[in-house]
Amino acid sequence: METTKRSIADVDADIAATKEQIKNVRGSETEVYARIVGYYRAVRNWNKGKRDEFNQRKMFTLENSKEYSISEADSACECSKAERIEKPEAAENSGFGSPSSGSYELFARKTCPNCPPVKTYMTGVSIVGRIIDVDTPDGLTEAAKKGVFAAPTVIVYNENGTEVARGHNVEELTAIFEPTVAEAAV
């Protein structure tokens, strides 16, 4: 491959032309809002420590369709911090079907303040599941692949491995697994 050498004058001319083009760009500054300590606020108004924390956050992107099904390859994923949870056969679950009729994945973080109540709730349901730590590279990859944008997120699958529901807190999970209890509360 032949490389062409450019003189410093050519490079300076290209830089000057690019700077001139930038001067003609029209638009306005974009205001970025993000959640901080419970409410949304413009990032530019945050203190230095919170801005640094924001810059270190991992952002998720969704590249595929929102319809997901768990394949054999997905179910065999060996995320480094994932835990398998087996449910007792005696547990009853009026909202989901028989104890062996599905599975779930709980995407969580060690520092998540909302994850412990969801983990506790999920230990009482009668389907098999696993907890995936999204702080690990494998867990983060799996979360991004399945469109998980927040922790905690529970994805519930039917016996065919097709996603049938998602929940992010105990109230949403109660509506999924115990619909008669959730309807009575309304």
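Quick caveat: nothing in here was measured; it's all calculated off a predicted structure.

This next bit is on the overall build of the chain. Counting secondary structure elements, the chain contains seven helices and seven strands. N-terminal to C-terminal, the α/β element order of the chain is α-β-β-α-α-β-β-α-β-α-β-β-α-α. Each of the 186 residues in the chain was classed as buried or not, and the buried ones make up 31%. In the chain, the proportion of contacts linking residues at least 24 apart, taken out of those at least 6 apart, comes to 64%. Of the roughly 12,700 Å² of accessible surface on the chain, 52% is carried by carbon and sulfur atoms.

On inspection of all chains with the given rule, the structure shows 12 salt bridges. Glu 53 serves as the salt-bridge partner of Lys 50, at 3.6 Å between the closest nitrogen and oxygen. Of this pair, Lys 50 and Glu 53 both sit in helix 2 (residues 48-56), three residues apart, which is roughly one turn of the helix. Judged by its relative accessible area of 26%, Lys 50 falls in the partly exposed class.

On to helix 5 (residues 137-145), then. For helix 5, the complete set of buried residues consists of Gly 139, Leu 140, Glu 142 and Ala 143. Buried residues in helix 5, looked at end-on, bunch into an arc of 165°, giving them a common side. For helix 5, the exposed residues lying more than 90 degrees away from the buried face are Pro 137 and Thr 141. Gly 147 sits one or two positions beyond helix 5 and adopts a positive phi of about 70°.

Right, let's talk about the state of the cysteines for a bit. The tally for this structure, following the rule as stated, stands at one disulfide. Here Cys 112 pairs with Cys 115 through a disulfide, and the sulfurs are 2.4 Å apart. Across the S-S bond linking Cys 112 and Cys 115, the dihedral sits near 90°, which makes this disulfide right-handed. The residues Cys 112 and Cys 115 share a single accessibility class, namely buried.

With that out of the way, let us pick up the confidence of the model for the chain. In the predicted model, the chain carries a mean pLDDT of 76, and the fraction of residues at 70 or more is 72%. Across residues 64-100, where pLDDT falls below 50, the model places 80 contacts with residues more than four positions away in sequence or in other chains.

In this section: the side chain of Thr 136. Here Thr 136 shows up in the loop between strand 5 (128-133) and helix 5. A distance of 2.9 Å separates the side chain of Thr 136 from the backbone oxygen of Asp 133, its partner in a polar contact.

This part covers the pairing of strand 1 (residues 33-36). Every second residue of strand 1 is oriented toward a common face, the buried set being Ala 34 and Ile 36 and the non-buried set Tyr 33 and Arg 35. Two elements, strand 1 and strand 2 (residues 39-42), share four bridges in a ladder whose sense is antiparallel. Note that in strand 2 the partner of Arg 35 across the bridge is Tyr 40.

Calculation notes
Residues numbered from 1 in each chain as written. Predicted model: local features only at pLDDT ≥ 70, side-chain atom pairs only at ≥ 80, totals over all residues. Heavy atoms only, no water. Helix = DSSP H or I, 4+ residues; strand = E, 2+ residues; numbered from the N terminus. Buried < 20%, exposed > 50% of the residue type's maximum accessible area, 1.4 Å probe, protein only. Contact = heavy atoms within 4.5 Å. Areas by Shrake-Rupley, 256 points an atom, 1.4 Å probe, with all protein chains shown as cover. Salt bridge = Lys/Arg side-chain N within 4 Å of Asp/Glu carboxyl O. Arc of directions from axis to C-beta. Disulfide = S-S within 2.5 Å. pLDDT = per-residue confidence, 0-100. Polar contact = N/O pair within 3.5 Å; in protein donor to acceptor, adjacent residues only side chain to side chain. Pairing = 2+ DSSP bridges.

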